[in-house]
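An overview of the molecular structure
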Amino acid sequence: MQLITVAGSPSVGKTSVILRACELLRRDGLNVGVAKFDALSTSDDHLYQQKGIPVAVGLAGALCPDHYFVSNVEDCLAWGQRQGFDILFSESAGLCNRCSPHVSGVYALCVVDALAGVHTPKKIGPMLRLADLVVITKGDIVSQVEREVFAYHVRLANPEHPPVLQRHHRSGRYGSGCSSPPGSHHRSTGRQPPAFSDASGGLFLLCGRNRDQHDSSARQRQEDALCRPGGSGMNAIADLPVETLLVAHPCVGDFIAALGLNAGHSQLALGEWLAQLADDEILDAGMEREQMLDHIQRLLDEVADMENPVGAAVKSLTLIGGRNKAGEPEAARFSVKAGEIVCVVGPTGSGKSRLLADIECLAQGDTPTRRQILINNRPPEQEHRHALDRKRVAQLSQNMNFVVDLSVREFIGMHARCRAVAEPDAMTERVIACANQLTGEQFAPDVSVTQLSGGQTRALMIADVALLSAAPVVLIDEIENAGVDRQRALELLVTGEKIVFISTHDPLLALRGDRRLVIRNGGIVEIIATSERERRNLVRLETMDRMVLDIRDRLRRGLRIEEDIQWPL
């Protein structure tokens, strides 16, 4: 029997993750069960019972649920073995953020909630730092910037860069690849966790290398890439002064702070500084000194990849049709090149958002529509499908929210630092200025992002995606209702060599696209290239639109509209 520990703060979605995983594992003929540990009460056992999943409940009372689980782990395993389970999930709600139910030699999963704020990964403690896999839930209802920053902070907090899964509430879809766990607090089991994938768009946990392979590759990377020419075997960055690293690479300071350590303005070499740390500080950090060196080198490598991406250019995106709601084949295959705009049109409920969702997750026949997306005529790599800070696609949805309590300048500046741009302050000011050109009502850089209107929010995110985000594909859902200068927004995105898909009911937007996809009954029924006659009509429609906007502005200023309006012929 294999035990998988699942930890996370209350109400982050642990039960939902386990329920879906159990469903998929049972499809493969595996016998699964759940041991649910909580503080004073729980009703989650009824959810498992409704699905026919055996469940045992342990209530900790006055004790920490994580401590209670560890104290009763032998009884938990004995129960699972008597039941004949192939896999036993243990679910525990961390309450103090200081404890962790992860057991040596047992695969560990941590669930975190993007709505809790971008700084949450710094606060969660061992249950995140010691996890083999991190699931990020509710990432589809916060802004694109917060998704990327949240994932960045997860990577800083967890020693071995676990990938992240994103749960999409509307479709119930998850996705990720799986990396490996920290080696200092886990004995290698030599076994991989179960790999389960959902062909209906429910859940992906695609597990990669086992721990022994990972530890070997980490050692090889240190020996090959980080050793000094003299052959001493010492990590090259260990000889660099701490202060020099912090100034040249702010991500190193972020990582050290995430471990609860304070490097200050130390003039010591990094290796010397680590050596003088007390054993208690190392224990609280959740990783050994050698792992810190390896992890810092990983961060520096990632920054170099951001500054000089190899093979990151998206020259084309190809959509291969699947099936509509009736199960009928979708006779569609088309490619879009960088700098092109494709509009998605159709009645409400026809499947426009589903199409955008397929593109957003770079579907590989594993969503309800069975569509497939190719990047540069090839299937995308897994990390580009699902890791939030490695995705090729940025989506600006209608239900996007800000949950951080930061000023606009602080918010965009944080994203600029995560993206490792050369001059983050200058880029921040450029994004804000660009956003103010797109919105009808300008805002000050020092205003809180939570005080922005819907139009200002959308304008800020469009400017950020165009100028700062690395995503070469942009999806926009009904920009016409956002109070944004639509023409300027599209010009900005296309100038940045983005591939743009827009779901819209607005004729002005639909005719601005190079092509439009017509959706009915969940499938693409027609692909229409915008004709020259339509573009001439667009000029007339834009003239009428400007007149309507002028009338709207005059009404807002309390003026009368009494003249005979002369509409263009």
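Here the structure is a predicted model, which means the values were calculated and not measured. (Residues numbered from 1 in each chain as written. Predicted model: local features only at pLDDT ≥ 70, side-chain atom pairs only at ≥ 80, totals over all residues. Heavy atoms only, no water.)

1. Some points on the environment of glutamate 148
Within the secondary structure layout, glutamate 148 lies in helix α7 (residues 144-157). The spacing of glutamate 148 and alanine 394 is 246 residues in sequence and 9.9 Å in space, taken between C-alpha atoms. (Helix = DSSP H or I, 4+ residues; strand = E, 2+ residues; numbered from the N terminus.)

2. Focus: the packing of aromatic side chains
Following the criterion strictly, the structure yields 2 aromatic pairs and no others. For the ring pair tryptophan 79 and phenylalanine 85, a centre distance of 5.2 Å and an interplane angle of 70 degrees mean the geometry is edge-to-face. Of the two residues, tryptophan 79 and phenylalanine 85, both sit in the buried class. (Phe/Tyr/Trp six-rings, centres within 6.5 Å; stacked < 30°, edge-to-face > 60°. Buried < 20%, exposed > 50% of the residue type's maximum accessible area, 1.4 Å probe, protein only.)

3. Describing the packing of helix α17 (residues 424-438) against helix α18 (residues 454-467)
α18 packs onto α17 with a crossing angle of 130 degrees between their chain directions and a minimal axis gap of 8 Å. Taken as axis vectors, α17 and α18 run oblique relative to one another. As for how α17 packs across α18, the hand of that crossing is right-handed. Facing Met427, Arg430, Val431, Cys434, Ala435 and Leu438 of α17, the residues of α18 in contact are Ala459, Leu460, Ile462, Ala463, Asp464 and Leu467. (Axes fitted to C-alpha atoms, helices over the stretch in contact; angles between N-to-C directions. Parallel < 35°, antiparallel > 145°, perpendicular 65-115°, else oblique. Left-handed = near helix turned anticlockwise from the far one by under 90°. Contact = heavy atoms within 4.5 Å.)

4. A look at the sheet that holds strand β18 (residues 515-520)
One open sheet accounts for 6 strands, arranged β15-β16-β17-β13-β18-β19; its pairing is mixed. Looking at the sheet topology across the chains shown, the edges are occupied by β15 (393-396) and β19 (523-529). Going from strand to strand, the sheet's axes swing by 20 degrees on average, the running direction of each strand aside. α18 rests against β15 and β16 (473-477) of the sheet, and its axis sits at about 170 degrees to β15. Contacts from helix α19 (residues 486-495) reach β13 (341-345), β16 and β17 (499-503), with the element oriented near 150 degrees to β17. (Pairing = 2+ DSSP bridges.)

The values are spatial; any link to function lies outside them.
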